[in-house]
Amino acid sequence: MTTTPSTQAMLSPADVERIRGDFPILQTEVNGHPLAYLDSGATSQKPLAVLDAERDFYLRRNSAVHRGAHMLAAEATEEFENARATVAGFVGVTADEIVWTSGATEGLNLLAYALSNATFSPEHAALRLSPGDEIVVTEQEHHANLIPWQQLALRTGATLRFIPVDDDGVLRVDLIDEIITERARLVTFSHVSNVLGTINPVSEIIARARQVGAIVVLDACQSVPHLPVDLRALDVDFAVFSGHKMLGPTGVGVLYGRGPMLDALPPFLTGGSMITTVTMEGAEFLPAPQRFEAGTQRVSQAIALAAAARYLDAIGMDRIAAHGAHVGRRLLDGLDAIDGVRVIGTAGHQYDERVGLASIDVAGIHAHDLGQFLDDRGIAVRVGHHCTQPLHRRLGLTATTRASGSLYTTDDDIDRFLQGVSDARTYFGVTS
Amino acid sequence: MSSDELNGLYQQLILDHSKSPHGQVTLDNPTASSHQLNPTCGDEITLSIEVDSGTIAHVGWKGHGCTISQSSASLLSTLVEGREVDDTKLLLEEFREAMRSRGTIELDEERFEDAIALNGVSRYVARVKCAMLAWVALEHTLEGR
């Protein structure tokens, strides 16, 4: 469950300064200005604790896991599995429900391919998708939570449907009874939109999916780094998130599968480390999660991701969420005061239902020009469609400028961004 | 407060061409057309040419995008209208070479006239594709692709 951030004690400016001391990259100068890093939605920066954990593994314990009888192999295996337990605990589930992936994109593809593999496997008939079955996504989704399902629909003959958004990008939850019907076999959606920063009404969508017996998949990429997330309490069947957005390294992410659901799933990638008995004719597979972890594993990355989870835990996700809500509020209030700026997805300004992120369209200034202008002042933002072409098209846009914060974001970072947006209007001659 | 480099990228002529672009017309009898899309930012252009006796008689384009892509398309249409096809191909190569030079090769003022305002782009590697969008479309029309 997500708690209401605004009611929690938030990080003080002194706390944020202390935290920033753990992130040496934040002292970088860009174009003669101190870096204001407002692109954490794309990837977060990493604290020393994470970098040290990865380096320490390579310095002292580097070895292959789940094989070998020597001391280092045993230590590496133990640390790798401890990392799984740490990350599982961080999101309120158990270690055997966590599959390491390269990131959320791979996690979603793993799931989609495992489901289509059920088509060829008599023992997995219950998971088989056929013409007449429906897969439900939303119009808000990142391409990573859209295209794997389009492709699964193509492979199985199932139909892809979507929950649309309104003119402001907000999910049309009023339509879910029409869209999620008895034919729905799988419903997948993002916990927090990577463009709007809005926290979606998870429980309403899940309740409807449960009514019709559909599998529920949650893209938790933008929630796990910023909010307390308890996947068990949310009652989803599967969830994905990426390590690099939550202070961890690139190359590692998580696919969560509720125990019985994960166990029922056929494998996707096959090979070493995921088998019990192999003959020239066939193979038997290990139980989950090993069944989904063929080949040499991303050991140092998993260990470093666990360090990231411990780092976040030590500060407290409640306080991080409250800080995110503060960042979001300061962004919205400041952007509202600038003429010609449209903030996407702010109907009603529901501060408690947002993270520290805002995407804007500035009349008369293309996002790339705005991003270039801000970069000249050392302000790093994301420009483009943020891997959500359908959402942008629906909102009548091709590209927006996104500022996204994290636990190390200061008021000064935000204020410099706001001043930059305002000055860009003068620079590009669009002031009225 | 903006740096000299940024001011070099966004020269007044660039901003003017972006606001009031030349060549945004539909040709009656195009010899060739090309649609180009930059998938990272969504910038698009459809550019057509009318060739008459080895000379580009008319250029027309429609599109949307950033200041650099729009001004580049505008400056291109002014520059190549009335130019021989063979010389246009040379001009295109000279433009590409300068844009890819990371600020080491400047556009020749005699050849490029007002379009030398695009010189600042080559220092910004991520923006070269913006300036090239219309030129790639032109290249495809010349090659009949």
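Here the structure is a predicted model, which is why all the values come from computation and not from measurement.

**Overview of the overall build of chain A**
- In terms of regular secondary structure, chain A is built from 14 helices and 17 strands.
- Taking 22 Å as the expected radius of gyration for a compact globule of 432 residues, we find that chain A reaches 22 Å, a close match to that expectation.
- Once the C-alpha set of chain A is aligned to its principal axes, its extents read approximately 75 × 55 × 35 Å.
- Out of the 432 residues in chain A, the part that is buried amounts to 53%.
- Long-range contacts, defined as pairs at least 24 residues apart, comprise 72% of the intrachain contacts of chain A with a sequence gap of at least 6.

**A look at the overall build of chain B**
- Counting its regular elements, chain B contains 6 helices and 3 strands.
- Ordered by position in the sequence, the α and β elements of chain B form the string α-α-β-β-β-α-α-α-α.
- The globule rule puts the C-alpha radius of gyration for 145 residues at 15 Å, and the 14 Å found for chain B is close to it.
- Principal axes of the C-alpha set define a box for chain B whose edges measure 50 × 30 × 25 Å.
- Burial status across chain B gives 41% buried among its 145 residues.
- Residue pairs at least 24 apart in sequence account for 62% of intrachain contacts in chain B once pairs closer than 6 positions are excluded.

**Considerations on the interface of chain A and chain B**
- Residue-level contacts link 14 residues of chain A with 12 residues of chain B.
- The residue inventory of the side of chain A that touches chain B, partitioned by class, reads 4 nonpolar, 8 polar and 2 charged.

**Concerning the domain arrangement of chain A**
All names here are of chain A.
- Each assigned domain of chain A is listed here: domain 1 (5-46 + 316-427) and domain 2 (51-312).
- With centres defined by C-alpha atoms, the gap from domain 1 to domain 2 works out at 28 Å.
- Of the residues lining the interface, 28 residues belong to domain 1; the matching set on domain 2 comes to 29 residues.
- Contributions of two or more residues to the side of domain 1 that touches domain 2 are made by α11 (317-336), β14 (357-362) and α13 (389-394).
- In terms of residue count, α11 provides more of the side of domain 1 that touches domain 2 than any other element does, 6 residues in total.
- In terms of residue class, the side of domain 1 that touches domain 2 is built from 12 nonpolar, 10 polar and 6 charged.

**Quick word on the UniProt feature "domain: NIF system FeS cluster assembly NifU N-terminal" (unreviewed entry) in chain B**
- According to UniProt, the positions carrying the feature "domain: NIF system FeS cluster assembly NifU N-terminal" (unreviewed entry) are residues 10-130 of chain B.
- With 36% helix and 22% strand, residues 10-130 of chain B has its two end C-alpha atoms placed 13 Å apart.

**Observations regarding the environment of His226 of chain A**
All names here are of chain A.
- Mapped onto the fold, His226 is located in the loop between β8 (215-219) and α8 (231-234).
- Sequence separation between His226 and Leu312 is 86 residues; the distance between their C-alpha atoms is 9.3 Å.
- Among all residues touching His226, those that are not within four sequence positions of it are Ile320, Ala321, Gly324, Val355 and Gly356.

**Looking at the packing of helix α12 (residues 367-375) of chain A against helix α14 (residues 411-427) of chain A**
Residue and element names in this part refer to chain A.
- α14 packs onto α12 with a crossing angle of 120° between their chain directions and a minimal axis gap of 10 Å. Judged by the inter-axis angle, α12 sits oblique to α14. Crossing of α12 over α14 shows right-handed handedness. In this structure, α12 contributes Leu370, Phe373 and Leu374 to the contact, and α14 contributes Phe417, Gly420, Ala424 and Tyr427.
- Within the contact of α12 with α14, the residues separate by chemical class into 6 nonpolar, 1 polar and no charged.

**With respect to the sheet that holds strand β3 (residues 55-64) of chain B**
All names here are of chain B.
- Spatially, 3 strands are ordered β1-β2-β3 in an open sheet, and the strand pairing comes out antiparallel. Edge positions in the open sheet fall to β1 (32-38) and β3, since each of these has one partner strand only. Going from strand to strand, the sheet's axes swing by 15° on average, the running direction of each strand aside.
- Pairing geometry for β1 and strand β2 (residues 43-52), over 7 bridges, is antiparallel. Looking across to β2, one finds that Ser34 is bridged to Leu47.
- Relative to β2, helix α6 (residues 128-142) is tilted by about 35°, and along the sheet it contacts β1, β2 and β3.

**A closer look at the sheet that holds strand β13 (residues 341-343) of chain A**
Residue and element names in this part refer to chain A.
- Reading across the sheet, the 4 strands line up as β13-β14-β17-β16 and stay open at both edges, with antiparallel pairing between neighbours. Two strands in the sheet have a free side with no partner beyond their single neighbour: β13 and β16 (382-384). Each strand axis lies, on average, 30° off the axis of its neighbour in the sheet, ignoring direction.
- By the bridge criterion, 4 bridges tie β14 to strand β17 (residues 400-404) in an arrangement that is antiparallel. Each bridged residue has a counterpart across the sheet, and for Ser359 the counterpart in β17 is Arg402.
- Packing of α12 onto the sheet brings it into contact with β14, β16 and β17, and relative to β16 it is tilted by some 160°.

Calculation criteria
Residues numbered from 1 in each chain as written. Chains lettered and ligands numbered in written order. Predicted model: local features only at pLDDT ≥ 70, side-chain atom pairs only at ≥ 80, totals over all residues. Helix = DSSP H or I, 4+ residues; strand = E, 2+ residues; numbered from the N terminus. Rg over C-alpha atoms; globule rule 2.2 N^0.38 Å. Buried ≥ 20, exposed ≤ 12 C-beta atoms within 10 Å, placed from the backbone. Contact = placed C-beta atoms within 7 Å. Nonpolar A, V, L, I, M, F, W, Y, C, P; charged D, E, K, R; others polar. Domains from an automatic or database assignment. UniProt positions renumbered as here; feature names shortened; annotations may be inferred. Axes fitted to C-alpha atoms, helices over the stretch in contact; angles between N-to-C directions. Parallel < 35°, antiparallel > 145°, perpendicular 65-115°, else oblique. Left-handed = near helix turned anticlockwise from the far one by under 90°. Pairing = 2+ DSSP bridges.

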